[in-house]
Amino acid sequence: MTLPVHHRPTRLLERTFPTLSWGEPAASEIDDLFERMGRFLEAASMAPAVSGIWSPLADMHETDDAYVVEAELPGIKREDIDVEVSGRELGVTGEFKEREREGVLRRGTRRTGRFEYRALLPVEVKAEEVKANLADGVLTVTVPKAQAAKPRHVEITED
């Protein structure tokens, strides 16, 4: 999600517009609007999904032999993550448990609770050969392509 860019007011916006009878520069109204919109978008992006399940940030790229998914799961233990492949669908589910704290939590923006990432793979895969590795808070899942899905080099002959 792209947040709005907050620009500093220019001289044109710094002057007062007497016809509008605001009594203060128009730039301060615009600044206030940008600040409120930024807070709204920040709160909306941190809010849990309606179902209470959130989706981790992830990238999927394709190599000649496999699909590779890298999902950001910092602070989540290996035993709290499940990886499943069914047909052409990859699913990563689990739970990030909130830790015990002393004192009063003043602000919390980290997501906790159940998470789910699902991806539909374009071709058939070898489900029995899927590998997953968790290192430095990034889960890397390698899903090998089925033999028929691999690109085949065709030699061109002369007549």
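That block above? That's the structure.
Residues numbered from 1 in each chain as written. Predicted model: local features only at pLDDT ≥ 70, side-chain atom pairs only at ≥ 80, totals over all residues. Heavy atoms only, no water.

## Remarks on the pattern of salt bridges
Using the criterion set out here, one finds 3 salt bridges in the structure. Note that Glu62 and Lys145 form a salt bridge whose closest N and O atoms lie 2.5 Å from each other. Separated by 83 residues along the polypeptide, Glu62 in strand E1 (residues 58–62) and Lys145 in the segment after strand E7 (138–144) bring together distant segments of the chain. Asp80 is the partner of Lys97 in a salt bridge, and the nearest nitrogen-oxygen pair spans 3.5 Å. Of this pair, Lys97 sits in the loop between strand E4 (89–96) and strand E5 (113–120) while Asp80 is found in the loop between strand E2 (66–72) and strand E3 (81–86), placing the two residues 17 residues apart along the sequence. On the basis of relative accessible area, Lys97 is assigned to the exposed category, the value being 52%. (Salt bridge = Lys/Arg side-chain N within 4 Å of Asp/Glu carboxyl O. Helix = DSSP H or I, 4+ residues; strand = E, 2+ residues; numbered from the N terminus. Buried < 20%, exposed > 50% of the residue type's maximum accessible area, 1.4 Å probe, protein only.)

## Observations regarding unusual backbone geometry
Positioned with a positive phi, Asp136 is a non-glycine residue whose angle comes to about 55 degrees. As for its placement among the helices and strands, Asp136 is situated in the loop between strand E6 (131–135) and E7.

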